[in-house]
Amino acid sequence: MYKADVLVNFKKGVLDPQAKAISGVLSHLGYDAITDLRVGKHFVFKVDATDRDKAYAIVEEVAKRILSNPVLETYTIELKRDDEG
Amino acid sequence: MKVGIVVFPGTNCDRDTFKAFSRLPEVEVEYVWHTFTELFDYDLIVLPGGFSYGDYLRCGALARFSPVMSAVEKYILSKKGYVLGICNGFQILTEAGLLPGALSRNANNRFICEFCDIEIVNYNTPFTRMCEKRVLKLPIAHSDGNYCADASTIYELESEKRVIFRYVENPNGSMNAIAGIMDEEFRILGMMPHPERNCDGVLGNGDGRCVFESIYHELSREVSERDGLR
């Protein structure tokens, strides 16, 4: 069993209105050290596969086909063995 | 002439759309449930507005994988008729890759519900031929109507005259103020404004009617040609 973390974020240059709103509040509160805030989506799930490559292929297919929209978003995948089953 | 209106869980403009078509003579209108998988015998399929699957994940992203959408894809490939996607229907068509680009969050991050002036950019389409006005007053009601695509897609849409509707005053940040586009064969129209919500004087000035009258005339002509050949 594997545990997958898929992060989906807007591509650079795509307007991220939520991030803009949050950044406005952060700067209003004086957190000037924080820049380039982005808001994305985090998907967590388990994958039943016999080896890592097979698990990765499934996660990548799902990330590309369903979890992200290639016009607006990019994704990153983290995959770990899940020994708790 | 047969029109099919697809109903997903969360669709809410199906009845307005039904009414917009049923006021035209000799039109048979039917609802099509999202689990339908057979090949359609309709002359027009409509994906109406609403919040299919609660707009979860992304607007239209889950509806795009429902069984009926494979039937819609087959219908498009068979070139049997036309497809109209309004608002959430437009979002579903882009998610399915049946129209290019995507509809992202409105630039002001708000749900916008108001009447807009919509310029008809291309009159020579099955959905606009009967329109006489240059600008239609149509309501919009969406959070995600900000049309985005890469530069080459925008260039293609503009140069092939596939931008059919444009906002006079851009409400949501759409590239080139795009409000509605068609596919390269001019059989699929996706638009964010709601013509079905302004088909009656009671609900506005009736500007939306010409969109339905246009496709009605197009189909009447095609149906009579088809019957003439028999």
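Quick notes on the rules
Residues numbered from 1 in each chain as written. Chains lettered and ligands numbered in written order. Predicted model: local features only at pLDDT ≥ 70, side-chain atom pairs only at ≥ 80, totals over all residues. Heavy atoms only, no water. Helix = DSSP H or I, 4+ residues; strand = E, 2+ residues; numbered from the N terminus. Rg over C-alpha atoms; globule rule 2.2 N^0.38 Å. Buried < 20%, exposed > 50% of the residue type's maximum accessible area, 1.4 Å probe, protein only. Contact = heavy atoms within 4.5 Å. Areas by Shrake-Rupley, 256 points an atom, 1.4 Å probe, with all protein chains shown as cover. Lys, Arg positive; Asp, Glu negative; His and termini not counted. Charge placed at Lys NZ, Arg CZ, Asp CG, Glu CD. Buried area = accessible area lost by both parts, 1.4 Å probe. Salt bridge = Lys/Arg side-chain N within 4 Å of Asp/Glu carboxyl O. Polar contact = N/O pair within 3.5 Å; in protein donor to acceptor, adjacent residues only side chain to side chain. Nonpolar A, V, L, I, M, F, W, Y, C, P; charged D, E, K, R; others polar. Expected span 1.5 Å × (residues − 1). Arc of directions from axis to C-beta. Pairing = 2+ DSSP bridges. Axes fitted to C-alpha atoms, helices over the stretch in contact; angles between N-to-C directions. Disulfide = S-S within 2.5 Å.

Chemist: What should I look at first to understand the overall build of chain A in this one?
Modeler: From N to C terminus, chain A includes two helices and three strands. Scaling as 2.2 N^0.38, a compact globule of 85 residues should have a C-alpha radius of gyration of about 12 Å, whereas chain A reaches 16 Å, well beyond that. Dimensions of chain A, computed from C-alpha atoms along their principal axes, come out at roughly 50 × 30 × 15 Å. Burial status across chain A gives 27% buried among its 85 residues. A fraction of 75% describes how many contacts in chain A between residues 6 or more apart in sequence connect residues 24 or more apart. For chain A, the exposed area adds up to about 5800 Å²; of that, 54% sits on carbon and sulfur atoms. Between the mean site of the 13 positive side-chain charges and the mean site of the 14 negative ones, chain A shows a separation of 4 Å.

Chemist: I would appreciate a short explanation of the interface of chain A and chain B in the present structure.
Modeler: By convention, interface size is frequently given as the accessible area that disappears when the constituent parts associate. Each partner contributes to the interface: chain A provides 14 residues, whereas chain B provides 14 residues. Interface of chain A and chain B: buried area, both sides summed, is about 1100 Å²; carbon and sulfur atoms make up 66% of it. The three residues of chain A that bury the most area against chain B are A:P17, A:I66 and A:L72, which together make up 36% of that side's buried surface. Where chain A meets chain B, there are one salt bridge. Of the charged contacts in the structure, one is a salt bridge between B:R58 and A:E73, with a shortest N-O distance of 3.8 Å. Our enumeration of links across chain A and chain B arrives at four residue pairs in polar contact (both at pLDDT 80 or more). Elements that contribute at least two residues to the side of chain A that touches chain B include exactly α1 (17-28), β2 (41-47) and α2 (52-67) of chain A. Looking at the side of chain A that touches chain B residue by residue, the classes come out as eight nonpolar, three polar and three charged.

Chemist: Explain helix α2 (residues 67-78) of chain B to me, please; I cannot follow it from the model alone.
Modeler: At 3.6 residues per turn, the α-helix brings residues three or four places apart onto the same side. Residues and elements named next belong to chain B. In a regular helix each residue adds 1.5 Å, so 12 residues correspond to 16 Å; α2 covers 17 Å between its end C-alpha atoms and thus fits that length. Taken together, the buried positions of α2 are V68, M69, A71, V72, Y75 and I76. One face of α2 carries all of its buried residues, which in axial projection span an arc of 155°. Packing partners of the buried residues in α2 comprise β1 (2-7), β2 (28-33), β3 (44-47), β4 (82-86), α3 (88-95) and β11 (188-191).

Chemist: Just checking my understanding: could you explain the sheet that holds strand β6 (residues 112-120) of chain B for this structure?
Modeler: Note: strands within a sheet are paired through backbone hydrogen bonds, in either parallel or antiparallel orientation. Residues and elements named next belong to chain B. Strands sit in the order β2-β1-β3-β4-β11-β10-β9-β6-β7 across an open sheet of nine strands; the sheet is mixed. The two strands at the open ends of the sheet, each matched to only one other strand, are β2 and β7 (135-142). Each strand of the sheet is rotated relative to its neighbour by a mean of 20°, with strand direction disregarded. The sheet strands contacting α3 are β3, β4, β10 (178-182) and β11, and the helix crosses β4 at an angle near 115°.

Chemist: Just to check I follow, could you spell out the side chain of A:N69 for this structure?
Modeler: As for its position among the elements, A:N69 is in the loop between α2 and β3 (73-81). Polar side-chain contacts of A:N69 include one of 2.9 Å to the backbone nitrogen of A:V71. Excluding residues that lie within four positions of it along the chain, A:N69 makes contacts with B:R58, B:E95 and B:A102.

Chemist: Sorry if this is basic, but what is going on with the state of the cysteines here?
Modeler: A covalent bond between the sulfur atoms of two cysteines is referred to as a disulfide. Residue and element names in this part refer to chain B. By the definition in use, this model includes one disulfide over all chains. Disulfide pairing is shown between C131 and C210; the S-S distance is 2.5 Å. Between C131 and C210, the S-S torsion sits near 90°, and that sign places the bridge as right-handed. Residue C131 is found in the loop between β6 and β7, and its partner C210 is found in helix α5 (residues 209-229); the two are separated by 79 residues along the sequence. Residue C131 is classed as buried on the basis of its relative accessible area of 6%. Classification of C210 as buried rests on a relative accessible area of 10%. Residue C59 stays outside any disulfide, its sulfur separated by 8.4 Å from that of C87, the closest cysteine. On the basis of relative accessibility, which here comes to 11%, the residue C59 falls in the buried class.

Nothing here speaks to function; it is all geometry.
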